[in-house]
Amino acid sequence: FRLEAEFEPLGRFGIACAGPVQSVALFGRKSVAELNGATIAVTGETSTSVVMLRTLFEHYYEVAPAAWRGDPDEPADARLLIGDQALRHAAAQQEPVILDLSAAWYEWQKKPFVFAIWVVRRDLPLEEKKVLAMRFEDAFFEGMAHLREIAERRAPDLGMTQEAIEAYLRNFRYRLGPEELDGLETFARLVRPRKEER
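Reading guide: rules and limits
- Residues numbered from 1 in each chain as written.
- Predicted model: local features only at pLDDT ≥ 70, side-chain atom pairs only at ≥ 80, totals over all residues.
- Heavy atoms only, no water.
- Helix = DSSP H or I, 4+ residues; strand = E, 2+ residues; numbered from the N terminus.
- Rg over C-alpha atoms; globule rule 2.2 N^0.38 Å.
- Buried < 20%, exposed > 50% of the residue type's maximum accessible area, 1.4 Å probe, protein only.
- Contact = heavy atoms within 4.5 Å.
- Areas by Shrake-Rupley, 256 points an atom, 1.4 Å probe, with all protein chains shown as cover.
- Lys, Arg positive; Asp, Glu negative; His and termini not counted.
- Charge placed at Lys NZ, Arg CZ, Asp CG, Glu CD.
- Pairing = 2+ DSSP bridges.
- Axes fitted to C-alpha atoms, helices over the stretch in contact; angles between N-to-C directions.

K.L.:
I'm lost on the overall build of the chain in this one. Help?
P.N.:
Secondary structure summary: the chain contains seven helices and eight strands in total. Rg of the C-alpha trace for the chain: 18 Å, near the compact-globule value of 16 Å for 198 residues, within the 12% margin. Once the C-alpha set of the chain is aligned to its principal axes, its extents read approximately 55 × 45 × 30 Å. Buried positions account for 38% of the 198 residues belonging to the chain. Counted over contacts in the chain with a minimum sequence separation of 6, partners at least 24 positions apart contribute 83%. Summed over its atoms, the accessible surface of the chain is roughly 11000 Å², and 53% of this surface lies on carbon and sulfur atoms. Where the 26 positive side-chain charges of the chain centre and where its 32 negative ones centre are 3 Å apart.

What follows is the structure, given as structure tokens:
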């Protein structure tokens, strides 16, 4: 949201999910309700998911951790992990998932959560924007046509079955329609007034 003056969406490309996402999760041994006064460690690989977790804690669960640490390897009562790190952590069953952030958001707002959108500089020539959008479209269809092979390649590294990875990838919404944009605007309304604090 801080970049809106300089950037604009590239078509309707994004990454969204309605319900559990698996790869944006809070791990720990306590329940969410027990995290009042707790220490939360967060990965440095994301800013969106950290803001989302803070928003869920404040507005939905009414939980107030005592401290936030910027290294997920530091001692903490719970740790926020995303992407491959979260998938590996869950597959290894090192700690239970106490909160799938996308599932919690959907339970609260009944709307998809948009984790990312593809953007371009507003001052980029229109023809270049069109070419980029066409290449993204081609890449999308290429990727979807080869999900099985992608899943087979990644399975050993992630400690998951090929079927589980393929289902995980199919769970995302890669094009943003009215429902996803409504979810994005809802999130924006919740965080924009406080964005300077973050």
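K.L.:
Looking at this structure, I do not really get the sheet that holds strand β4 (residues 67–69). What am I missing?
P.N.:
In any sheet, the strands associate via hydrogen bonds between backbone groups, in a parallel or an antiparallel arrangement. One open sheet accounts for five strands, arranged β4-β3-β5-β2-β6; its pairing is mixed. Both outer strands of the open sheet, β4 and β6 (97–100), are each paired with one neighbouring strand and no more. Adjacent strand axes in the sheet meet at a mean angle of 25° when their direction is disregarded. As paired elements, strand β3 (residues 39–42) and β4 share three bridges and run parallel to each other. The residue of β4 that forms the bridge with Ala41 is Arg69. Sheet contacts for helix α1 (residues 48–61): β2 (24–28), β3, β4, β5 (78–82) and β6; angle to β5, the most-contacted strand, approximately 135°. The strands that helix α3 (residues 101–109) touches are β2, β5 and β6; relative to β6, the one it contacts most, it runs at about 55°.

K.L.:
Hey, could you run me through unusual backbone geometry in this one?
P.N.:
What is expected of a backbone is that most residues other than glycine have negative phi and most peptide bonds are trans. At Gln22, a residue that is not glycine, the phi angle is positive and equals roughly 80°. Relative to the assigned elements, Gln22 resides in the loop between β1 (7–17) and β2. At Lys110, a residue that is not glycine, the phi angle is positive and equals roughly 60°. Along the polypeptide, Lys110 turns up in the loop between α3 and β7 (113–121).

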